[in-house]
Amino acid sequence: MAKAEKELAEIKTKKVKMTPSEAIVETLVKEGVTHISGILGSAFMDLLDLLPTAGIRFIGVRHEQSAAHMEDAYTRVSGIAGVVIGQNGPGITNMVTSVAAANQAHTPMVVISPSAGTPTVGWDGFQECDQVSVFKAITKETVRVTHPGRVADCLRTAFRIAYAERGPVLFDIPRDYFYGEVEDVILEPHQYRVDNRGCGSLEQIDQAVDLIASAKNPVIISGRGVVDSDGIEAVKEIADHLTIPVAVSYMHNDAFPANEPLAVGPIGYMGSKAAMNTLKDADVVLAIGTRLSVFGTLPCYDIDYFPKKAKIIQIDINPRNIARTHPVEIGIIGDAKAASVEIAKRLKEKVPNKQFNSERMARVTNEKEQWDKELVDLAMVEGNPINPRRALLELTKVLPENAIVTTDIGNVSSTANAYLKFNSGSQHVAALTFGNTGFAYPSALGAKLANPNSPVVAIVGDGAWGMSLHEVSTAVEENIPVVACVFNNNAWCAEKKNQVDFYNNRFVGADIQNPDFAEVARSMGAQGISVDKAEDVGPAILQAIKSNKPTVIDIQVDGTQLAPPFRKDALKMPTRLLPKYAHLDHKNW
């Protein structure tokens, strides 16, 4: 080793005296962290003071729940683990819902969690809470700093687990541990974590290739893992070589290009009938980078589409997800892209000539044409004032090719699953199966931070908007120009639909009274646009995107034109046994 190289190596391994706050911040810099979201607090003020000099932007939100939703989306779009922070006690517990959502979404994230100071733990002091216990069930791991000298080591552990197990990790540090002196080395990420897991067992991949090559009706399901690993092109190679239709998993409409002839759209609630009708006849299912969640494979439109006798090949980076919900013929523990590349390569070796199946292609084309026509026909039914499907149709017509769309939970937001089409990965950021409202708008802010050059549009119901409109102030203050499309039907319509179908139109708690959301937006310093005609939806969205300013579009939609209930499988017609409630029994309607 040359003298200069030796000296550099010694510098990199030489311990340096610093404060614990400095050790934490320097570790964040090495991890490529460019911003942290949260609300300032005295517990971490010593660390906060270092961020501007370190080049880390602090984004102050209006509610800590929004911070983790922002970083969830930031990570999904950028691939870099998001970081959130808040005051010990209520500041951190305010993040429970959004961290739980990120956990179910398999999104790497580090929650810097200042906790009560060690001299007073157990005395029920001001803002004291056992945060580790609170977060144990909703994170991949809780890492507790046991000594100030281990702050960097514990933070490295948090990042290592967040990336390795694909989910949030709590980094809990007593508030007095930010102070003092430590001697440590700030390591490079490659020195303490490895992300590449390869393609998995070659023997199982060979078995998968044999099964795919011999299938009569193979279908591919492409999931979030394909997006995260940048594996879409490899999936296309497999599909094109044998004319295999490709569906995308629930609420991951960007996991395969919609403009590809073999793309049949999303499965799951309010997905594509083309995808469901194609999948139900499959004899082999190649599920790549998807856990095949229970909710994401339930019957929809009265189509019990997930095949019961098909042989399933499931590829997932996490062995816990394989065969968790559906029995598999072959399970492959590996990176979605690496495994797909290897399958494509070996498939071409086994079947050298591209096999174009004209009959299969014709069926795919026919199913898609029928479904597209049905979507338009449903949208063109008159509404008062606007059919929500028509508003979604007009929105999708004008979205730029590179637009990112975030979607909330709710009747209209979920109906968007049928209409949204993307031709590249990391364009669809949805609330997924944790199913909490108030997700889409803060997520839009995070997506815009990750990709400032792409327009970002949030699809939000008016109920969910009540949980997130305060972050318009954050968008204005931080100059994050996202477009919120608020579908205003003056009700919690996903639940209202249950009361229509199961409770004889008895509405309790379903109707809500809204202000003029456009006017509220203007009072907060954003643009506000009101729309009550279908033909004005598209121009309003284009105007908002062109302005490059935070914008809220209040779209008045018909509250009686509702999608099917979310949990039709979990609801029953009401039976009442006490005479007092007999009139509410479904037999007496």
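Caption draft 1: Here's a closer look at the overall build of the chain. Along its length, the chain carries 23 helices and 20 strands. Relative to the compact-globule value of 25 Å for 589 residues, the chain shows a C-alpha radius of gyration of 25 Å, a close match. Expressed along its principal axes, the backbone C-alpha trace of the chain runs to roughly 70 × 65 × 55 Å. Partitioning the intrachain contacts of the chain with sequence separation of at least 6 by distance along the chain shows that 76% fall at a separation of at least 24. On the chain, roughly 24600 Å² of surface is accessible, and the fraction owed to carbon and sulfur atoms is 51%. Each charge class in the chain can be summarised by its mean position, and for the 59 positive and 69 negative side chains these summaries are 4 Å apart.

Caption draft 2: A look at the state of the cysteines. Summed over all chains, the structure comprises zero disulfides. The thiol of Cys 154 is unpaired, and the distance to the nearest cysteine sulfur, on Cys 129, comes to 20 Å. Not part of a disulfide, Cys 300 finds its nearest cysteine sulfur in Cys 493, a span of 18 Å.

Caption draft 3: Representation of helix α7 (residues 96–104) in the model. Listed in full, the buried residues belonging to α7 are Ser 98, Val 99, Ala 100, Ala 101, Ala 102 and Asn 103. Looking at the buried residues of α7, the elements they touch are α5 (64–78), β5 (109–115), α8 (131–135) and β7 (168–174). In the stretch just after α7, His 106 is the one whose phi turns positive, near 60 degrees.

Caption draft 4: How the structure looks around the side chain of Asn 488. Considering the arrangement of structural elements, one finds Asn 488 in strand β18 (residues 483–488). Apart from residues no more than four positions distant in its own chain, Asn 488 is found in contact with Asp 462, Asn 514, Pro 515, Phe 517, Asp 554, Ile 555, Gln 556 and Val 557.

Caption draft 5: Representation of the environment of Tyr 305 within the structure. Here Tyr 305 lies in the loop between β12 (284–288) and β13 (311–316). Sequence separation between Tyr 305 and Ala 282 is 23 residues; the distance between their C-alpha atoms is 9.6 Å. In this view, Tyr 305 contacts Ile 267, Gly 268, Met 276, Leu 279, Lys 280, Gly 296, Thr 297, Leu 298, Pro 299 and Cys 300; residues no more than four positions away in its chain are not counted. A polar atom in the side chain of Tyr 305 sits 3.2 Å from the backbone oxygen of Gly 296.

Caption draft 6: Spotlight on the packing of helix α12 (residues 232–242) against helix α14 (residues 336–350). Two numbers describe how α12 lies on α14: the axes approach to 8 Å, and their chain directions differ by 30 degrees. In terms of axis orientation, α12 runs roughly parallel to α14. The way α12 lies across α14 gives a crossing that is left-handed. Here α12 contributes Ala 234, Val 235, Glu 237, Ile 238, His 241 and Leu 242 to the contact with α14, which in turn contributes Lys 337, Ser 340, Val 341, Ile 343, Ala 344, Leu 347 and Lys 348. Within the contact of α12 with α14, the residues separate by chemical class into eight nonpolar, two polar and three charged.

Caption draft 7: Seen up close, unusual backbone geometry. In this structure, Pro 385 follows Asn 384 across a cis peptide bond, with omega equal to 0 degrees. Relative to the helices and strands, Pro 385 resides in the loop between α15 (358–379) and α16 (388–398). Unusually for a residue other than glycine, Asp 302 sits at a positive phi of about 60 degrees. Within the secondary structure, Asp 302 is located in the loop between β12 and β13. Owing to a relative accessible area of 71%, Asp 302 belongs among the exposed residues under this scheme. The phi dihedral of Ala 323 is positive, around 65 degrees, even though this residue is not glycine. Along the chain, Ala 323 falls in the loop between β13 and β14 (330–333). Taking relative accessible area as the criterion, Ala 323 reaches 37% and is therefore assigned partly exposed.

Caption draft 8: Region of interest: empty space enclosed by the protein. Applying the stated rule across the entire model yields three cavities of 30 Å³ or more. In terms of lining, the largest cavity is formed by Arg 76, Arg 224, Val 227, Asp 228, His 252, Asp 254, Ser 426, His 428 and Val 429. Residues that form the lining of the largest cavity fall into these classes: two nonpolar, three polar and four charged.

Caption draft 9: The packing of aromatic side chains, seen in detail. If you walk through the whole model with that rule in mind, you get five aromatic pairs. Taking the centre distance of 6.4 Å and the plane angle of 40 degrees together, the rings of Tyr 269 and Phe 295 count as tilted. On the criterion of sequence distance, the pair formed by Tyr 269 in the loop between β11 (263–266) and α13 (273–279) and Phe 295 in the loop between β12 and β13 is long-range, its members being 26 residues apart. We note that Tyr 269, like Phe 295, is buried. Here the aromatic residues Tyr 250, Tyr 269 and Phe 295 are joined through ring pairs into a cluster of three or more. One residue, Arg 156, lies across the ring of Tyr 192, its end atom 5.9 Å from the ring centre. Against the face of Phe 507 rests Lys 496, its NZ or CZ located 4.7 Å from the ring centre.

Caption draft 10: Spotlight on the layout of surface pockets. Taken as a whole, the largest pocket spans an internal volume of roughly 900 Å³. Lining the largest pocket are 46 residues, with Arg 166, Arg 224, Gly 225, Asp 228 and Ser 229 positioned closest to its centre. Listing elements by their share of the lining of the largest pocket, those giving two or more residues are α5, α9 (151–165), α11 (224–228) and β13. For the lining of the largest pocket, the class distribution of residues is 15 nonpolar, 21 polar and ten charged.

Caption draft 11: Representation of the pairing of β7. Counting buried positions along β7 gives seven out of seven residues, so the element sits mostly inside the fold. Residues Pro 168, Leu 170, Asp 172 and Pro 174 of β7 are buried on one face, and the alternating residues Val 169, Phe 171 and Ile 173, pointing to the opposite face, are buried as well. One ladder, built from seven bridges, connects β5 with β7; its direction is parallel. If you follow Ser 115 over to β7, its bridge partner there is Pro 174. Handedness of the crossover is the feature at issue here: the chain leaves strand β6 (residues 141–144), passes through α9, returns alongside β7, and the resulting connection is right-handed.

Caption draft 12: Region of the structure containing the sheet that holds β7. Pairing is parallel in the open sheet, where six strands are placed in the order β3-β2-β4-β5-β7-β6. Looking along the sheet, the strands with just one partner apiece sit at the ends: β3 (57–60) and β6. In this sheet, neighbouring strand axes are inclined to one another by 25 degrees on average, regardless of whether the strands run parallel or antiparallel. Examined bridge by bridge, strand β4 (residues 82–85) and β5 share four bridges and lie parallel to one another. For Gly 82, the partnering residue across the bridge sits in β5 and is Met 109.

Caption draft 13: Structural context of helix α2 (residues 20–30). Taken as a whole, α2 has its buried residues at Pro 20, Ser 21, Ala 23, Ile 24, Val 25, Thr 27 and Leu 28. Within two residues after α2, Gly 32 carries a phi angle of roughly 80 degrees, on the positive side.

Cut-offs and rules
Residues numbered from 1 in each chain as written. Predicted model: local features only at pLDDT ≥ 70, side-chain atom pairs only at ≥ 80, totals over all residues. Heavy atoms only, no water. Helix = DSSP H or I, 4+ residues; strand = E, 2+ residues; numbered from the N terminus. Rg over C-alpha atoms; globule rule 2.2 N^0.38 Å. Contact = heavy atoms within 4.5 Å. Areas by Shrake-Rupley, 256 points an atom, 1.4 Å probe, with all protein chains shown as cover. Lys, Arg positive; Asp, Glu negative; His and termini not counted. Charge placed at Lys NZ, Arg CZ, Asp CG, Glu CD. Disulfide = S-S within 2.5 Å. Buried < 20%, exposed > 50% of the residue type's maximum accessible area, 1.4 Å probe, protein only. Polar contact = N/O pair within 3.5 Å; in protein donor to acceptor, adjacent residues only side chain to side chain. Axes fitted to C-alpha atoms, helices over the stretch in contact; angles between N-to-C directions. Parallel < 35°, antiparallel > 145°, perpendicular 65-115°, else oblique. Left-handed = near helix turned anticlockwise from the far one by under 90°. Nonpolar A, V, L, I, M, F, W, Y, C, P; charged D, E, K, R; others polar. 1 Å grid on protein atoms, 1.4 Å probe; cavity = no way out; pocket = protein on both sides within 12 Å on 5 of 7 lines; lining within 4 Å. Points joined across faces, edges and corners; volume = space filled by probe spheres on them. Phe/Tyr/Trp six-rings, centres within 6.5 Å; stacked < 30°, edge-to-face > 60°. Lys NZ or Arg CZ within 6 Å of the ring centre and 35° of its normal. Pairing = 2+ DSSP bridges. Right-handed = clockwise from strand over helix to strand, strands pointing away.

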